[in-house]
Amino acid sequence: KITLPNILNKKNFLMKSKILTPPLDFEWADPFIFRNNQKDYIFFENNDLKLNRGKISCGLLYKNKLINVKDVLIFKYHLSYPFLWRYKRNIFLIPESSSNKSIQIWKSTNFPYKWKIFKTIFKNEYCCDTTIITDNKKNNWLFTNKSNDHTDDPNNELYVYKIIGNFDQFIPHKLNPVITDCRIARNAGNLNFKDIILRPSQINDSSGYGLGVNINKITSLSLENYEEKIIKKIYPLIQHKFNGLHHISNAQNRLVFDIRK
């Protein structure tokens, strides 16, 4: 029997959560909560509905309100899914930049609002929702969703690479793509808890995109083998006129997620 962290087992935690509402003509999605110097920050996709183009913004979470919201990265192409990772003394930001056909790794120069480009990898590849997961042996693994055909649809396939050093080398998994299934393949944020390795993934099918979130427990991870098991499914509350949920993230005992209404 697999025991989930208490915060994920709470009944009706979606209904009891505080709603953070974006300004008119914008939508917020892909929130990552990141704790630094005893403060919680939320990095998120800030999509301009008039331009239909996302940028990366950040705000400080203070008394369940998002304050000091500022733009972090803004370009003429779409950005989303601002994954954050602390490695040794550095903090890295890896947004989804598939419109630019690459994965960009940014390094903090003055957290949380100032960043500089550190490295560009997977050039000329359509990669989405890149996430780093650390296993029990302290190995770091890059998980990304790719489209390898003309459809530019990253929902179907999950690729895994072992990271060597400070993004010095990426060794591809021998089974890549390790998952080929639109219902479970696409990454949906990050959940960091002791003694259990979790990978949230989107629930997508022919009826729609971002229908909910799978909580997957990774049971085997090596260059030769990959196995995971769905241990919980989270769906939006239709009775509250919510019809989409496709991202979740935590910092210790605080959760953030996006809801479509």
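Located above this text is the structure these notes cover.
Each chain carries its own residue numbering, running from 1 in the direction its sequence is written. With pLDDT at 70 or above as the cut-off, local features in this predicted model cover only qualifying residues; side-chain atom pairs require 80 or more to be listed or tallied, and sums for whole chains, interfaces and linings still use all residues. Side-chain measures were taken over the full set of non-hydrogen atoms in the model, leaving aside hydrogen atoms and water.

Visitor: Got a sec to walk through the sheet that holds strand 5 (residues 80-87)? Specific residues and values, please.
Guide: For two strands to be treated as a pair, DSSP must find at least two bridges joining them. The numbering of helices and of strands both runs from the N terminus, where a helix is a DSSP run of H or I of at least 4 residues and a strand a run of E of at least 2. In space, the 4 strands of this open sheet follow the order 5-6-7-8, with antiparallel pairing throughout. Each end of this open sheet is capped by a strand with a single partner; those strands are strand 5 and strand 8 (114-121). Between one strand axis and the next, the sheet turns by 30° as a mean value, whatever way the strands run. By the bridge criterion, 7 bridges tie strand 7 (residues 103-110) to strand 8 in an arrangement that is antiparallel. Fitted lines through C-alpha atoms give the axes, limited to the stretch in contact for helices. The angle between two N-to-C directions lies from 0 to 180 degrees.

Visitor: Describe the state of the cysteines, naming the residues involved and giving the relevant values.
Guide: When two cysteine sulfur atoms lie within 2.5 Å, the pair is treated as a disulfide. Using the criterion set out here, one finds 0 disulfides in the structure. Free of any disulfide, Cys127 has its nearest neighbouring cysteine sulfur in Cys128, separated by 7.7 Å. To sort residues, take the accessible area from a 1.4 Å probe on protein chains only and compare it with the maximum for the residue type: under 20% means buried, over 50% means exposed, and anything in between is partly exposed. On the accessibility criterion, Cys127 (2% relative accessible area) is buried. Residue class for Cys128 comes out buried when judged on its relative accessible area of 2%.

Visitor: Describe unusual backbone geometry, listing the residues and the values that go with them.
Guide: In the segment running from Phe111 into Pro112, the intervening peptide bond is cis, with an omega of 10°. On the secondary structure map, Pro112 appears in the loop between strand 7 and strand 8. A cis amide bond links Asn176 to the next residue, Pro177, at an omega of -5°. For Asn37, which is not glycine, the phi dihedral falls at a positive 50°.

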